Amino acid sequence: MDAATEVADEVDVLVVGAGPTGLMLGTELALGGVRVQILERRTAAQRDSRALTLHPRSIELMDQRGLVERFLARGRAVPEWHFAGLATRLDFSALDTRHGYTLFLTQARTEQLLTERASELEVPVRRGYEVVGLRQAADGDGGRDGEQGGRASADGVEVDVRGPDGGLRTVRARYVVGCDGGRSAVRRAAGIAFPGTDETLTGALGDFAVVDPAALDHARAAGVLVAPLEADGPTDGPANGPSEGRTGGLTRLVLIDPRRMRTPSTEPLTPEEFRSSLVDICGTDCGVARPRWLSRFGNATLLAARYRAGRVLLAGDAAHIHFPAAGQGLNTGLQDAMNLGWKLAAEINGWAPPGLLDSYHAERHPVGQAVTENTEVQTLLMELTLLPPYQRPAAALRTLLTELLGIEEVNRRLAGRISALDTVYPPTAADADPLTGRRMPDIALTADGSAAIRVHELLPHGRFVLLDLAGDEQLRQTVTPGWGPRVTALTVTHHDHRTDLDGVREILIRPDGHIAWATRTPSLPDRRIERHRALTDWAGTPARLRRPHEPAPSARLSPRPPGVPAVHGVPGSPH
């Protein structure tokens, strides 16, 4: 076997699945200095794409890691989106973000860009390896094992892997994360239940090299989704935009045929059936020819009972599957990875506060539940219009909801939910500031006379960022000695005005861009006490006060990985 494709027998974290979620998680772990390896069952990158979009929150995550320009260069920004295909669109441009749009970008291209990022960070992605079993220690509690960079511990996880040659081998890891889709082998082997509802409805999609552009308006009017794609994956225009007869491109058509919507998603879809459905729905087969991909998809809606079982965790479709309404699945998986990566790295590096890793389930499971519920609502709104007994009242309901979406506040509320910009993690303290758990707005600021910089530009290293808005002259002396490798501390001299920041003296931003702690306490001595407690609660015991035999928190932190820009001119940055 080529050394470049050799599987390591021992790693800190084994990520199973090289889709967008697994690749994103691998890069996040690499930022934390973790020895990570990604295994993928497929022997080659996925050519065809179910998902087509990145929503505003996912784009923000790419911005936080310094990657957004790569994605913007490959996709097309669309300022509006939809809920259940209602005529009144969701206005993403009105949301509180610099990225008020969905980025029309195929999953294949997203995976390509994340694979390139993984390569820059020297994250090995090994293809052709299938997980066939795993075992973890009986205690399986995921507690620290005291090792920092040596062999995988005895109470880690042993994973049985079948390689491209059919041979079996065992990989030992301190943690395993299943990012291996709805049929996750990791989830099954870990014994994690996957409750929900079985498939009752299916749709169909087809990617065609030849279509009749003049007929596509008929398809759109009949409720068929029309999306132009490039042949190799990236998009060339917004959803439902004209294909303009592009040479070498593909056009995706997505439909739900009332006569075939109970056909199991496992049944093969033929070109003849797809053409027949188009004729039934819109009176023309749209001239489709030379299909590259035909597929059915169903509305099975399942949510893992636990996102963590000892040293085994789940993310992405391995943790939640649902009908692809409003394109939320891939985005939810990326956001799972962003939440989990820094927490798991903290656990591996030995400085995670008690309960930090368990907060992954506590924070992301409710998000998964909310997404599965809203997709069920959207699916029902679409299905009822296809059932003769309910067509009239369903049409009236859709008209009513379309009118309600014309109300600015209603539109903004639902747009915030679908875009994931309204995701708020529950505070851990009863007296927490209202900002706690929310996304930190990407405000512009200056620090001690430095050049202006945005908040997102402070986050590419995957560390905490502490913003002092009140001017504590001893900030660095009180933060850097204990938490320097984990926290960038800045004294802010000017920042964009926002009413929600009125009276705020200090803000601690998590590596994933959410607010861990904020205070409006005017007394500096009291504020320092609060700060110390918040840093300890989130960034662990300070180095100078670490427990006996606990390794220094910087012991496992690698130098700045390739491709991660240094933060120039900002006091408190280790680089």
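Residues numbered from 1 in each chain as written. Predicted model: local features only at pLDDT ≥ 70, side-chain atom pairs only at ≥ 80, totals over all residues. Heavy atoms only, no water.

Enquirer: Before we move on, could you go through the confidence of the model for the protein chain and cite the residues and values that matter?
Expert: The predicted coordinates should not be examined in detail at positions where pLDDT is low. Per-residue confidence for the protein chain gives a mean pLDDT of 89, with 87% of residues at or over 70. In the model, residues 232-247 has pLDDT below 50 throughout and makes 50 contacts with residues more than four positions away in sequence or in other chains. For residues 548-575, every residue scores under 50 in pLDDT, and the model assigns this stretch 70 contacts once sequence neighbours within four places are set aside. (pLDDT = per-residue confidence, 0-100. Contact = heavy atoms within 4.5 Å.)

Enquirer: How would you summarise the packing of helix α2 (residues 56-64) against helix α8 (residues 329-349) if you had to cite specific residues and measurements?
Expert: The packing of two helices is summarised by the inter-axis angle and the distance between the axes. It is at 9 Å that the axes of α2 and α8 come closest, and there the two elements cross at 40°. Taken together, the axis directions place α2 and α8 in an arrangement best described as oblique. Between α2 and α8 the crossing geometry is left-handed. Along its contact with α2, which presents Arg57, Ser58, Leu61, Met62 and Gln64, the element α8 presents Asn331, Leu334, Gln335 and Met338. Across the contact of α2 with α8, the residue classes tally to four nonpolar, four polar and one charged. (Axes fitted to C-alpha atoms, helices over the stretch in contact; angles between N-to-C directions. Helix = DSSP H or I, 4+ residues; strand = E, 2+ residues; numbered from the N terminus. Parallel < 35°, antiparallel > 145°, perpendicular 65-115°, else oblique. Left-handed = near helix turned anticlockwise from the far one by under 90°. Nonpolar A, V, L, I, M, F, W, Y, C, P; charged D, E, K, R; others polar.)

Enquirer: How would you summarise α8 if you had to cite specific residues and measurements?
Expert: Since one α-helical turn is 3.6 residues long, residues separated by three or four positions face the same way. For α8, with 21 residues, the first-to-last C-alpha span of 30 Å sits near the 30 Å given by 1.5 Å per residue. Along α8, the sharpest kink reaches roughly 25°, centred on Leu340. Of all 21 residues in α8, 21 are buried; the element is thus mostly enclosed. At the exit of α8 stands Gly350, carrying a positive phi of roughly 90°. (Expected span 1.5 Å × (residues − 1). Bend = angle between axes of the 7 residues up to and from the residue. Buried < 20%, exposed > 50% of the residue type's maximum accessible area, 1.4 Å probe, protein only.)

Enquirer: Give a detailed account of the state of the cysteines, specifying residues and quantitative values.
Expert: Throughout the structure, instances matching the rule amount to zero disulfides. The closest cysteine sulfur to the non-disulfide-bonded Cys282 is located on Cys286, 4.3 Å from its own sulfur. (Disulfide = S-S within 2.5 Å.)

Enquirer: How would you explain the packing of aromatic side chains if you had to name every residue and give the values?
Expert: Both the distance between ring centres and the angle between the ring planes are used here to describe each pair of aromatic rings. Scanning the model with the defined rule gives five aromatic pairs in all. Geometrically, the ring pair formed by Tyr307 and Tyr360 is tilted, given 5.7 Å between the ring centres and 45° between the ring planes. Taken together, the positions of Tyr307 in the loop between β17 (301-303) and β18 (308-309) and Tyr360 in helix α9 (residues 359-384) put the pair 53 residues apart, joining distant regions of the chain. A relative accessible area of 0% places Tyr307 in the buried class. Accessibility expressed as a relative area gives 0% for Tyr360, which makes it buried. Aromatic side chains Trp342 and Phe464 sit 5.4 Å apart centroid to centroid with 85° between the ring planes, which places their arrangement in the edge-to-face category. With Trp342 in helix α8 and Phe464 in strand β23 (residues 464-468), this residue pair connects regions lying 122 residues apart in the sequence. Pair check on accessibility: Trp342 and Phe464 agree, each one buried. Three or more aromatic residues link up through ring pairs in this structure, and these residues are Trp342, Trp351 and Phe464. (Phe/Tyr/Trp six-rings, centres within 6.5 Å; stacked < 30°, edge-to-face > 60°.)

Enquirer: Describe the nonpolar core, listing the residues and the values that go with them.
Expert: Counting residues in each nonpolar core, the largest one holds 73 residues, and the members touching the most others are Val13, Leu14, Phe71 and Val177. The dominant element in this core, judged by the number of residues it contributes, is α8, at eight residues. Discounting chain neighbours no more than four positions away, the residues touching Val177 are Val13, Leu14, Val15, Val16, Leu25, Leu313, Ala315, Leu340 and Leu344. Among the nonpolar cores identified, the runner-up in size contains 20 residues, and Leu458, Val465, Leu490 and Val504 belong to it. (Core = buried A, V, L, I, M, F, W, Y, C linked by side-chain atoms within 4.5 Å.)

Enquirer: I'd like to hear about the sheet that holds strand β4 (residues 76-78), residue by residue, with values.
Expert: Pairing within the open sheet is antiparallel, and its three strands lie in the order β3-β7-β4. With partners counted over all chains shown, the strands left at the sheet margins are β3 (53-54) and β4, one partner each. With two bridges connecting them, β3 and strand β7 (residues 102-104) associate as antiparallel partners. Its bridge partner lying in β7, Thr53 is registered against Phe104. (Pairing = 2+ DSSP bridges.)

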